[in-house]
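Okay, here's what each chain looks like letter by letter:
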Amino acid sequence: MPLALWQIEEGIGTITMNHPERRNALSRALIAEILQAFSELEAAKARVVVLRALPGSKVWSAGHDVRELPMSGRDPLHYSDPLEQLIRTIRSFPAPVIAMIEGSVWGGACEVCFTCDILIATHTGTFATTPAKIGVPYNTTGLLNLLNTLGARVAKEMLFTGLPIPAERALELGVLNHLVPVHQLEEFTYGLAREITLNSPLSIAVMKEQLRILENASPLSPETFERIQGLRRKVYDSKDYAEGIRAFLEKRKPAFTGE
Ligand code: YXS
């Protein structure tokens, strides 16, 4: 059974995450199929792509597949990690990507969502950024993405508490473009997608790329970058990081010691 389904109709691509047994945890295998779908849709010159879970999902995605996080001593969110590749693919895809959200969104899946160009959710949507729950040192581009999306206050609250925020609050914060009733979600999303297909794909693609470049226009000196990497290495070398993963796999609460 494919882990991701895709189709294109009248220039509108749809990619559906199809691994409900694992709550669409972003495993290497699921991400590989989503990346393949994006590649097919780019070849088919999709004017817009809708990224979704199966209709009625209680979980849009449970985030990075914890079973695939490296044990301590290796960066869990390094540049070539599949999750990072997916985020870069959405960011550089030459057409708008709409996240159509029903159900809860966890961890790295929040960043996947927030990286999409337009977010449309129902009231069942919630968003929880969870590195601190597992002891993961979130990566720098990820923190910059969250900072750009949420602002420092809300990013800190979400990262430090790991608590989910409801869709209503996400709308207030400007994280969501639209919050619509469940029964209107598809019609509303595909109506907006159709509007996009009527406009110039070249103009849209270039504006999307310009905005991406401007969003990242905060150069870090090599020394600053190395200092950040040193800080992150302290975390992913820590006992806490190993404990966070072990606790998840053993289905128990982690006992962090700060070591
Ligand atoms: O025990 P089985 O084999 O049936 O599998 C269970 C879960 O282990 C599995 N599963 C996952 N497997 C790997 N990675 C995951 N992130 C993950 N989430 C779930 O799916 C099967 C059904 O899960 P279950 O029984 O818990 O379902 P539920 O409906 O009772 O609860 C759904 C959730 C999403 C509330 C619950 O599964 C959950 O809390 N999952 C973990 C969410 C989370 O903390 N994600 C962050 C992952 S780490 C990450 O994204 C980044 C590294 S970071 O942390 O830095 O952001």
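The model shown is predicted, which means the values in this text are computed figures rather than measured ones.

Draft legend 1. Highlighting the packing of aromatic side chains. Tallying each qualifying case throughout the model produces 2 aromatic pairs. On the basis of an interplanar angle of 40 degrees and a centroid distance of 5.8 Å, the ring pair of Phe114 and Phe127 is categorised as tilted. Placement of Phe114 in helix H3 (residues 108–115) and of Phe127 in strand S8 (residues 126–128) is noted, with a sequence separation of 13 residues between them. The exposure class of Phe127 is buried, given its relative accessible area of 0%. Between Arg88 and the ring centre of Tyr79, over which it is positioned, the NZ or CZ distance is 3.5 Å.

Draft legend 2. View of the environment of Glu259. Residue position: Glu259 is located in the segment after helix H10 (239–249). Residue classification places Glu259 among the exposed positions, given a relative accessible area of 51%. Separated by 187 residues in the primary sequence, Glu259 and Ser72 have C-alpha atoms spaced 12 Å apart. Not counting residues within four places of it along the chain, the set of residues in contact with Glu259 comprises Ser238, Lys239 and Asp240.

Draft legend 3. Structural detail: unusual backbone geometry. Positive phi values are uncommon outside glycine, yet Glu10 reaches one of about 50 degrees. By the element assignment, Glu10 lies in the loop between strand S1 (4–9) and strand S2 (12–17). The exposure class assigned to Glu10 is exposed, which follows from its relative accessible area of 64%.

Draft legend 4. Spatial organisation of the site of the ligand. Near the ligand lie 22 residues; those nearest to it are Ala62, His64, Val66, Arg67 and Gly108. Contact distances for the ligand include 2.9 Å between an oxygen atom and a side-chain N or O atom of Arg22. Alone, the ligand offers 1000 Å² of accessible surface; in the complex the protein occludes 74% of this. More than half of the atoms of the ligand fall within 2 Å of the grid points belonging to the largest pocket. Residues that form the shell around the ligand fall into these classes: 11 nonpolar, 5 polar and 6 charged.

Draft legend 5. Structural view of H3. Across the 8 residues of H3, 8 count as buried, placing the element largely inside the fold. Every buried residue of H3 is accounted for by Gly108, Ala109, Cys110, Glu111, Val112, Cys113, Phe114 and Thr115.

Draft legend 6. Geometry of the sheet that holds strand S4 (residues 59–61). One open sheet holds the 4 strands; their spatial order is S4-S6-S8-S9, and the pairing between them is mixed. Sheet topology places S4 and strand S9 (165–166) at the edges, where each strand pairs with a single neighbour. Where H3 meets the sheet, its contacts fall on S4, strand S6 (104–106) and S8, and the angle it forms with S6 comes to roughly 110 degrees.

Thresholds, definitions, all that
- Residues numbered from 1 in each chain as written.
- Predicted model: local features only at pLDDT ≥ 70, side-chain atom pairs only at ≥ 80, totals over all residues.
- Heavy atoms only, no water.
- Phe/Tyr/Trp six-rings, centres within 6.5 Å; stacked < 30°, edge-to-face > 60°.
- Helix = DSSP H or I, 4+ residues; strand = E, 2+ residues; numbered from the N terminus.
- Buried < 20%, exposed > 50% of the residue type's maximum accessible area, 1.4 Å probe, protein only.
- Lys NZ or Arg CZ within 6 Å of the ring centre and 35° of its normal.
- Contact = heavy atoms within 4.5 Å.
- Near = heavy atom within 4 Å.
- Polar contact = N/O pair within 3.5 Å; in protein donor to acceptor, adjacent residues only side chain to side chain.
- Areas by Shrake-Rupley, 256 points an atom, 1.4 Å probe, with all protein chains shown as cover.
- 1 Å grid on protein atoms, 1.4 Å probe; cavity = no way out; pocket = protein on both sides within 12 Å on 5 of 7 lines; lining within 4 Å.
- Sits in = over half its atoms within 2 Å of the grid points.
- Nonpolar A, V, L, I, M, F, W, Y, C, P; charged D, E, K, R; others polar.
- Pairing = 2+ DSSP bridges.
- Axes fitted to C-alpha atoms, helices over the stretch in contact; angles between N-to-C directions.

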